[in-house]
Amino acid sequence: MSAEIECPAARPADVASSGGTQTFLVGRGSMPFLADHGFQGMTVLPGALYLGLALRAVGDARSPGVITITGARFHQPVILAEKEIALAVECTPLDSPRTRCVFRERGERSAGDAPCATLEIECGARGDAGPPPATPAPDVFTEHAESAIEATAFYRRLRENGNEYGPRFQGLSQLWRSHDVAWARLSPALRDEARDFSLPPVVVDAAIHALMLFGLEVGRTLVLRSIDTVVFRPPGA
């Protein structure tokens, strides 16, 4: 999956830091919106959250330019319960301006040193990532789309398949599809969720939902394994 997203800058986060490692307390108490990310009867940490936490860890406010996240891999799920979990991220500088981020769950539930997720971030020190990709005009695509589905029916089908998104993760209001292209309209309500993040997890997750159109008829639960590229463009960059 690749995505191009424009978001405002983040507020600073309160985290514990030790050398190149920072630890975030994550859970339904500190981040109530996470309670709506359901998966086969469980509450699971969304892969999109790692992107937002990685931006915090490397200091997303330091670069006014384009930020590119590549090679995000989600190695094992993190199941959320009542108690907050400690999620440590180790940031290792690569060739400037790239940084590799490795996430591990800490505490009594942790699986040793095995990572939960890994990714790389490049802050725009070498210029931007080029112009945004060309896309068809929304009114043209939606008018000629082969199929369309309303949000209520779409999220009901996903729930039947095992992707149990509550209201705060039902980020799409309408979807269209033609051949191998999907188009979706984001819900305006997303601006009220996870506003502390430069890259709000509910927005990134909603973009992933649009891809689920291609597997809706299969009747299987979608498990996010990776995201190839996300280009983060602050307004005016």
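The rules we used
- Residues numbered from 1 in each chain as written.
- Predicted model: local features only at pLDDT ≥ 70, side-chain atom pairs only at ≥ 80, totals over all residues.
- Heavy atoms only, no water.
- Helix = DSSP H or I, 4+ residues; strand = E, 2+ residues; numbered from the N terminus.
- Buried < 20%, exposed > 50% of the residue type's maximum accessible area, 1.4 Å probe, protein only.
- Areas by Shrake-Rupley, 256 points an atom, 1.4 Å probe, with all protein chains shown as cover.
- pLDDT = per-residue confidence, 0-100.
- Contact = heavy atoms within 4.5 Å.
- Phe/Tyr/Trp six-rings, centres within 6.5 Å; stacked < 30°, edge-to-face > 60°.
- Core = buried A, V, L, I, M, F, W, Y, C linked by side-chain atoms within 4.5 Å.
- Pairing = 2+ DSSP bridges.
- Axes fitted to C-alpha atoms, helices over the stretch in contact; angles between N-to-C directions.
- Parallel < 35°, antiparallel > 145°, perpendicular 65-115°, else oblique.
- Left-handed = near helix turned anticlockwise from the far one by under 90°.
- Salt bridge = Lys/Arg side-chain N within 4 Å of Asp/Glu carboxyl O.

Notes on the overall build of the protein
- Helix and strand counts for the protein stand at 4 helices and 15 strands.
- Expressed as a percentage of its 237 residues, the buried residues of the protein come to 45%.
- Of the accessible surface of the protein, which amounts to about 11900 Å², a share of 52% is contributed by carbon and sulfur atoms.

Describing the confidence of the model for the protein
- Across the protein, the average pLDDT comes to 81, with 78% of residues at 70 or higher.
- In this model, residues 2–19 is a region of pLDDT below 50 whose contacts with residues beyond four sequence positions or in other chains number 43 contacts.

Notes on the side chain of His209
- Looking at where His209 falls in the secondary structure, it is placed in helix 4 (residues 201–211).
- Ignoring anything within four residues of it in the chain, the contact list for His209 reads Phe154, Tyr155, Tyr165, Phe169 and Leu172.

Things to note about the packing of aromatic side chains
- Going through the model one piece at a time under the given rule, you end up with 5 aromatic pairs.
- The interplanar angle of 40 degrees and the centroid separation of 6.1 Å between the aromatic rings of Phe33 and Phe169 together place this pair among those described as tilted. Separated by 136 residues along the polypeptide, Phe33 in the loop between strand 3 (21–26) and strand 4 (37–39) and Phe169 in the loop between strand 12 (163–165) and strand 13 (172–178) bring together distant segments of the chain. The residues Phe33 and Phe169 share a single accessibility class, namely buried.
- Clustering of aromatic rings is evident, with ring pairs tying together Tyr50, Phe74 and Phe103.

Thoughts on the nonpolar core
- Counting residues in each nonpolar core, the largest one holds 55 residues, and the members touching the most others are Val26, Tyr50, Leu51, Phe103, Leu119, Ile121 and Phe154.
- The greatest single-element share of this core, amounting to 9 residues, is contributed by helix 1 (residues 47–58).
- Among all residues touching Tyr50, those that are not within four sequence positions of it are Leu45, Phe74, Val78, Leu87, Phe103, Cys116, Ala117 and Leu119.

A few points about the sheet that holds strand 4
- With respect to topology, 4 strands assemble into an open sheet ordered 7-5-4-12, the strand pairing being antiparallel. The outermost strands of the open sheet, each flanked by one partner alone, are strand 7 (79–80) and strand 12.
- As defined by bridge partners, strand 4 adjoins strand 12 across 3 bridges and the pair is classed as antiparallel. Each bridged residue has a counterpart across the sheet, and for His37 the counterpart in strand 12 is Tyr165.

Observations regarding the pairing of strand 6 (residues 67–74)
- Here strand 6 pairs with strand 10 (residues 117–123) via 6 bridges, running antiparallel. Bridge pairing in strand 10 places Ile69 opposite Ile121.
- The pairing of strand 6 with strand 15 (residues 226–232) spans 6 bridges and is antiparallel. The partner of Ala72 across the bridge, within strand 15, is Ile227.

Here's the deal with the packing of helix 1 against helix 4
- Running from N to C, helix 1 and helix 4 point in directions that differ by 140 degrees, and their axes come no closer than 8 Å. Between helix 1 and helix 4, the angle is such that the two are oblique. Here the hand of the crossing between helix 1 and helix 4 comes out right-handed. Contacts between helix 1 and helix 4 involve Ala48, Leu49 and Leu51 from the former and Pro201, Val204 and Asp205 from the latter.

Observations concerning the sheet that holds strand 11 (residues 147–150)
- Overall, antiparallel pairing links the 3 strands, which are arranged 11-13-14 in an open sheet. A single partner strand is all that each edge strand has here, and the edge strands are strand 11 and strand 14 (181–186). On average, adjacent strands in this sheet sit at an angle of 15 degrees to one another, irrespective of strand direction.
- Strand direction decides the pairing type here: strand 13 and strand 14, joined by 6 bridges, are antiparallel. Residue pairing across strands places Trp176 opposite Trp183, the latter belonging to strand 14.
- Contacts from helix 3 (residues 151–161) reach strand 11 and strand 13, with the element oriented near 85 degrees to strand 11.

A short note on the pattern of salt bridges
- Under the criterion given, the structure shown has 10 salt bridges.
- Of the charged contacts, one joins Arg28 and Glu82 as a salt bridge, the two residues approaching to 3.0 Å between their closest N and O atoms. Of the two residues, Arg28 is situated in the loop between strand 3 and strand 4 and Glu82 in the loop between strand 7 and strand 8 (85–93); the sequence distance between them amounts to 54 residues.
- Note on Arg28: relative accessible area 25%, which makes it partly exposed.
- For Glu82, a relative accessible area of 70% puts it in the exposed group.
- We note a salt bridge from Arg157 to Glu217, for which the minimum N-O separation is 3.4 Å. Of the two residues, Arg157 is situated in helix 3 and Glu217 in the loop between helix 4 and strand 15; the sequence distance between them amounts to 60 residues.

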